[in-house]
Amino acid sequence: MTTRARGTTVSWSRANARRLDRQFLSDGAPTPARTAPDVTGAVAAMLGAHAQVLSAAEYSAGLRTPGATRTDVRTALWTGRTLVKTFGPRGTVHLLPAAQLPMWAGALSAVPRGDGPFRKDARMTPDQVERVLAAVAEALTGAELTIDELSDEVVARTGPWAGDLVMPAFQGMWPRWRQVLHLAGHRGALSYAPDRGRKAAYTNPGTVPMAAREATAALVERYLRAYGPATPAHFARWLAAPRGWAGRLFADLAGAGAIEEVTLEDCGAAWVAAGDTRFPSEPPRGVRLLPYFDAFTIASRPRERLFPGAAYERALAGGQAGNFPVLLVDGTVAGVWHQRRSGRRIAVTVEPLAPLDAARTRELEEQVERLGAVLEGAPELTVGKVTVGAHA
């Protein structure tokens, strides 16, 4: 059962329940507005699956898709090509639906850029940035190149300055041009190709970006349907965009009648997509295990309500979400977990912040079974230091 917000305060519980429902993380059968998707539909509903660790993205998408496994995600990515691995929100690697790449490229390209974290003598001029981006697009058209091969092509097309080793890297220095690698993804000129051995490879997906105004409006609407009610500041932090730019964007959309205002508990004025004012009347229920940088964990705010009390200290790294896989109980973070894989065996250790009763323990065991099915392994669950069960 759902009720309308009617311009009044939307409680945290109702907002959280709707987000969970739209993320396919709530209990209960799908409704007409929440039909169980395939893995690509699940990634679309999430607004991208963080894929710096690909297994986490596979689990994020598979968890939300009944019966899906990591093979289904890999098939959608490398065979069906309905998913694309590229640079998404916050400049980080994501899986995005291929059909939505024009929107993403148009919106991400519209986000104002700062000087970045690099020293002044390491930066590039605007003209150099454009030359590098053009070189990347040209080099990758009809090709799949490793980063070293791509670097050679970029330097050959631009000049030795692009290859200057000025960027601190993990075990040395990277060439100057690498600081805008993610921008090539944002422009729709670069995405990942299948790995070549242990090396990542890239290609040009040939994406034509949507016009900026249309793309940003579409992205805000999708964001609010997935994670609203939300403020411009919430959107800015999720996208890693300037707050002032996000505020002006929301004001323009409000003036055009594309979004409407409600009041979100603990936040004040917040926004939903126009007409999208129905919220569940029942509080969230259920147990879930969410992986590193799951989209729900990253985007849901206010963060203090999602990570209440001790969860804020245990499951966040300096206030940053995603660094720990989390145990979700009735819609809030109630612990952390980790896994270790050896062949098919997956050792799953869950550390609840408070003891789980028998019903919650059974739900947790079911979640671990689901994790094993998605990741195609044999899971063994330990809660704290007590082994609850093993599954062949």
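My aim in this report is to walk through the structure given alongside it, one point at a time. (Residues numbered from 1 in each chain as written. Predicted model: local features only at pLDDT ≥ 70, side-chain atom pairs only at ≥ 80, totals over all residues. Heavy atoms only, no water.)

1. Re helix α5 (residues 101–110)
One turn of the α-helix equals 3.6 residues, which is why residues spaced by three or four share an orientation.
Moving on, step 1. Among the 10 residues in α5, seven count as buried, and that is most of the element.
Moving on, step 2. Here α5 has its buried residues at L101, M103, W104, A105, G106, A107 and L108.
Moving on, step 3. Tucked into the core, α5 has its buried residues touching β4 (83–87), β5 (93–97), α8 (181–186), α9 (212–227) and α10 (232–239). (Buried < 20%, exposed > 50% of the residue type's maximum accessible area, 1.4 Å probe, protein only. Helix = DSSP H or I, 4+ residues; strand = E, 2+ residues; numbered from the N terminus. Contact = heavy atoms within 4.5 Å.)

2. Some points on empty space enclosed by the protein
Moving on, step 1. In this structure the tally under the stated criterion is three cavities of 30 Å³ or more.
Moving on, step 2. Considered as a void within the structure, the largest cavity measures approximately 70 Å³ in volume.
Moving on, step 3. Around the largest cavity, the lining is made up of 15 residues, and of these T86, L101, A105, G185 and G188 lie nearest the centre.
Moving on, step 4. Mapped by element, the contributors of at least two residues to the lining of the largest cavity are β4, α5 and α8.
Moving on, step 5. Tallying contributions element by element places α5 first for the lining of the largest cavity, with four residues.
Moving on, step 6. When the residues that make up the lining of the largest cavity are grouped by side-chain class, the tally is nine nonpolar, six polar and no charged.
Moving on, step 7. The space that makes up the second largest cavity amounts to roughly 60 Å³.
Moving on, step 8. Each residue belonging to the lining of the second largest cavity can be placed in one class, and the counts come to eight nonpolar, three polar and one charged. (1 Å grid on protein atoms, 1.4 Å probe; cavity = no way out; pocket = protein on both sides within 12 Å on 5 of 7 lines; lining within 4 Å. Points joined across faces, edges and corners; volume = space filled by probe spheres on them. Nonpolar A, V, L, I, M, F, W, Y, C, P; charged D, E, K, R; others polar.)

3. Focus: the pattern of salt bridges
Any two side chains of opposite charge can pair if their charged atoms end up close together.
Moving on, step 1. Counted by the stated rule, this structure contains 19 salt bridges.
Moving on, step 2. A salt bridge links R196 to E149; its shortest N-O distance comes to 2.9 Å. One end of the pair, R196, is in strand β9 (residues 191–196); the other, E149, is in helix α7 (residues 147–158), with 47 residues separating them in the sequence.
Moving on, step 3. Within this structure, R18, R22, E221, R225 and D276 form a network of salt bridges that share partners. (Salt bridge = Lys/Arg side-chain N within 4 Å of Asp/Glu carboxyl O.)

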